[in-house]
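Listed here are the chains, written in short residue letters.
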Amino acid sequence: MDFAPDLLDILRNARHIATFTGAGVSAESGIPTFRDAQTGLWAKYRAEDLATPEAFRRDPVTVWDWYAWRRDLMRAVGPNPGHLAIAAMERLVQRVTVITQNVDGLHMQAGSSEVIELHGNIWHNLCADCSASVPESELTADIPPVCPHCQGKVRPGVVWFGEALPAQAWTRAAEVLETADVFFCIGTSSLVEPAASLPRDARACGRTVIQINPEVTSHDEIAQYVLRGKAGEVMPALVKAAWPQVA
Ligand code: BJW
Ligand code: ZN
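This report concerns the structure included in the present document. Everything quoted here is computed from the prediction, not taken from an experiment.

1. As for unusual backbone geometry
Following Ile-143, the chain continues to Pro-144 via a peptide bond in cis, the omega torsion being -10°. You can see Pro-144 is positioned in the loop between strand E4 (120–127) and strand E5 (154–158). For the peptide bond that leads from Glu-193 to Pro-194, omega is 5°, which places it in the cis range. Tracing the backbone shows Pro-194 in the loop between strand E6 (182–186) and helix H10 (197–204). In this structure, Gln-151 is a non-glycine residue whose phi angle is positive, near 65°. Turning to its location among the elements, Gln-151 is positioned in the loop between E4 and E5. Gln-151 gets classed as exposed once you look at its relative accessible area, which sits at 59%. Unlike most non-glycine residues, Ser-190 shows phi in positive territory, near 60°.

This is the structure in structure tokens:
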């Protein structure tokens, strides 16, 4: 794989690299994306029936069961070379921040130490009524489990449509834009707001934006470098090309 020499220089000289990631990064681990035709979750299921607070209120059993199925699927897989290449940059660059829309925890499993989860984490549980966090050890056998504090219904700790992103995660992501030299945008369709605004904001802040995706997205227009391909192939090759002695 060939990369522009100036891109490799930018990476070698960077002191802070941010990677903004989406479902495409976990696709090669075997986790379906949302919007890919045929294989994406939204090709088979309706987001309105499963990923909104209204859906949970209407049919908590179906929503809980769907997330239980996805948890089973995720439990069986691990990080792929894309996650690992992002984590490996921590040994080569002063600071690497991962801002992810993914809820699977695979960046942490790969060894990334600074991970901002914009859409929550599927392994967390919280009460839909009192918002208390409920540890796995306190989950009752009910479907959905019952909150130990208020007897409300327990739900997965992810961000559904119509819900605000966790304030602290959003603030931290905004701070990253101020210091990162390079902003990778990897494996996201960039259709879901407000997360999709981050690459645009990064470009407006004067950062070098690098897009990695096998398909065209609206962020091709704002990225200075567009690398067409799979994250698990492009990222390891790029890290090796930029730091051939050490990567
Ligand atoms: C590969 C690859 C490989 C494949 N390598 N690449 C402004 C304008 C319009 C709408 C809105 C707006 N502001 C808010 C909205 C509404 C809504 C929204 O954006 N809707 C649009 C879809 C129209 N946003 C919200 O509701 C958000 N909340 C909000 O704004 O609240 C406001 C508020 C403020 C104060 C109080 C109250 C409210 C919340 C959004 C939550 C999104 N949740 C989900 C589900 C999470 C839980 C779960 O997992 O079930 O998050 S939806 C889903 O989409 C998931 C993802 O994180 C997110 C993004 O998807 P992603 O990662 O981009 O995946 P795909 O499938 O779309 O794309 C995969 C890409 O990978 C493709 O490009 C492939 O080509 C590529 N690829 N293989 C590299 N090997
Ligand atoms: Zn409760």
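After that view, the rundown keeps rolling.
2. Quick notes on helix H1 (residues 5–13)
Of the residues making up H1, those classed as buried are Leu-7, Leu-8 and Leu-11. Down the axis of H1, the buried set is contained in an arc of 100°. They therefore lie on one face. For H1, the exposed residues set more than 90 degrees away from the buried face come down to Pro-5 and Asn-13.

3. Examining the coordination of the zinc ion (ligand 2)
Distances from the zinc ion (ligand 2) to its protein donors, Cys-127 (SG), Cys-130 (SG), Cys-147 (SG) and Cys-150 (SG), fall within 2.2 to 2.4 Å. If you look at the zinc ion (ligand 2), its four donor atoms make angles of 99 to 116° with each other, and the shape they trace is tetrahedral. We note that the donor set of the zinc ion (ligand 2) lies within a single chain, spaced as C-x2-C-x16-C-x2-C. Here Cys-130 is found in the loop between E4 and E5, whereas its partner Cys-150 is found in the loop between E4 and E5, with 20 residues between them in sequence. For Cys-150, a relative accessible area of 34% puts it in the partly exposed group.

4. Let's talk about the site of ligand 1
With respect to spatial proximity, 34 residues lie near ligand 1, and among them Tyr-67, Arg-70, Thr-188, Ser-189 and Glu-193 are the closest. Within the contact set of ligand 1, an oxygen atom lies 2.7 Å away from a backbone nitrogen or oxygen of Gly-162. For ligand 1, an oxygen atom lies 3.2 Å from a polar atom in the backbone of Gly-187. At the level of elements, helix H2 (23–27) and helix H6 (60–75) are the ones that each hand at least two residues to the shell around ligand 1. Looking at the shell around ligand 1 residue by residue, the classes come out as 16 nonpolar, ten polar and eight charged.

5. Thoughts on the layout of surface pockets
Quantified by volume, the largest pocket comes out at close to 950 Å³. What lines the largest pocket is a set of 46 residues, among which Gly-22, Ala-23, Thr-33, Phe-34 and Arg-35 lie closest to the centre. Of all elements in the fold, only H2 and H6 reach the threshold of two or more residues within the lining of the largest pocket. When residues in the lining of the largest pocket are grouped by element, the largest group, four residues, is from H2. Here the lining of the largest pocket spans two domains, since at least three of its residues come from each of domain 1 (1–31 + 78–119 + 165–247) and domain 2 (38–76 + 123–158).

6. So, the sheet that holds strand E1 (residues 16–21)
The six strands lie next to each other as E3-E2-E1-E6-E7-E8, forming an open sheet whose pairing is parallel. Every interior strand has two partners, whereas the edge strands, strand E3 (115–117) and strand E8 (225–227), have only one. Going across the sheet, the axis of each strand differs from the next one's by a mean of 15°, ignoring polarity. In terms of strand pairing, strand E2 (residues 95–100) meets E3 through three bridges, oriented parallel. Among the inter-strand pairings, Thr-100 is bridged to a residue of E3, identified as Glu-117. Against the sheet, H10 engages E1, E2, E6 and strand E7 (208–212), with an angle of about 155° to E6. Helix H11 (residues 231–242) rests against E6, E7 and E8 of the sheet, and its axis sits at about 155° to E6.

Rules used in this analysis
Residues numbered from 1 in each chain as written. Chains lettered and ligands numbered in written order. Predicted model: local features only at pLDDT ≥ 70, side-chain atom pairs only at ≥ 80, totals over all residues. Heavy atoms only, no water. Helix = DSSP H or I, 4+ residues; strand = E, 2+ residues; numbered from the N terminus. Buried < 20%, exposed > 50% of the residue type's maximum accessible area, 1.4 Å probe, protein only. Arc of directions from axis to C-beta. Donors = N, O, S within 2.8 Å, 3.2 Å for Na, K, Ca; no water. Tetrahedral: all angles 85-135°; square planar, octahedral: opposite > 155°, others 65-115°. Near = heavy atom within 4 Å. Polar contact = N/O pair within 3.5 Å; in protein donor to acceptor, adjacent residues only side chain to side chain. Nonpolar A, V, L, I, M, F, W, Y, C, P; charged D, E, K, R; others polar. 1 Å grid on protein atoms, 1.4 Å probe; cavity = no way out; pocket = protein on both sides within 12 Å on 5 of 7 lines; lining within 4 Å. Points joined across faces, edges and corners; volume = space filled by probe spheres on them. Domains from an automatic or database assignment. Pairing = 2+ DSSP bridges. Axes fitted to C-alpha atoms, helices over the stretch in contact; angles between N-to-C directions. Contact = heavy atoms within 4.5 Å.

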